[in-house]
Amino acid sequence: MVPALQSAKKNGIKEVFATIWFNDGAECSAVGALYGCQLFAEFCYTGIYCEAELKQRFMDCCGVEADAFLGLSEFDYWPGDMVGDEVGTRGSAKRSKNLLYEDPLLPVFEKDFSGMELESYFSALALRYRQYAMQYPDYATLFGFAGSLAELLRDKAVWRTQAPLAVRTGNREKAGRLAELAMTLKAEAEAFA
């Protein structure tokens, strides 16, 4: 958005408008789009982009730190992914969905997730968003949802890593324990719906 706004200013365009699409599998909500709207408003008002000032203005206007909103992208861009000025090599707008909906016994995305410590990653994300939900009660629903999603993804990551191995090696004892985790996952998914 920043290069587009800078170009409009440079070329004397007096009127611009913002749309919110996310037609690539990502969710879009009015609350989740707040930071983008703040960026748009600040640039249109000041004519410049300054990340520090934008984050402060977001805190002043919305009563929540910008990084809490920006961190929501961490559900789909994981450690080792390149984002920002770099072209993403592994991340995608639907990466968390790949993990959430993949059948662990038919691991279509096995290579995409190999070597990743997703259990600890999503545990930390869950903790952070549970804390944000308490710290910012006006956004407790959004951040509580993110915390629940992170917990569900953490448990799914454990199951998808261990279940295929238990089946492939014929480890019935481990498969039995994982069946209990599957019931926990089912309950988490039903509560999530």
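Up top is the structure.
Attention here is on the structure that accompanies the text. (Residues numbered from 1 in each chain as written. Predicted model: local features only at pLDDT ≥ 70, side-chain atom pairs only at ≥ 80, totals over all residues. Heavy atoms only, no water.)

Quick notes on the packing of helix α1 (residues 2-10) against helix α2 (residues 34-46)
Line of reasoning, step 1. The N-to-C vectors of α1 and α2 enclose an angle of 20°; their axes lie 11 Å apart at closest approach. What the angle tells us is that α1 and α2 run roughly parallel. Like other packed secondary-structure pairs, α1 and α2 cross with a definite hand, here right-handed. Counted together, Val2, Leu5, Gln6 and Lys9 of α1 and Leu39, Phe40, Phe43 and Cys44 of α2 form the full contact between these two elements. (Axes fitted to C-alpha atoms, helices over the stretch in contact; angles between N-to-C directions. Helix = DSSP H or I, 4+ residues; strand = E, 2+ residues; numbered from the N terminus. Parallel < 35°, antiparallel > 145°, perpendicular 65-115°, else oblique. Left-handed = near helix turned anticlockwise from the far one by under 90°. Contact = heavy atoms within 4.5 Å.)

Overview of the pattern of salt bridges
Line of reasoning, step 1. Under the counting rule described, the total for this entry stands at 10 salt bridges.
Line of reasoning, step 2. Between Glu51 and Lys55 there is a salt bridge; the shortest N-O distance is 3.6 Å. Within this pair, Glu51 and its partner Lys55 are both found in helix α3 (residues 51-62), separated by 4 residues, close to a single helical turn.
Line of reasoning, step 3. For the salt bridge of Arg177 with Glu173, the shortest nitrogen-to-oxygen distance reads 3.1 Å. Here the residue Arg177 and the residue Glu173 both occupy positions in helix α9 (residues 172-192), the gap between them amounting to 4 residues, near one helical turn. (Salt bridge = Lys/Arg side-chain N within 4 Å of Asp/Glu carboxyl O.)

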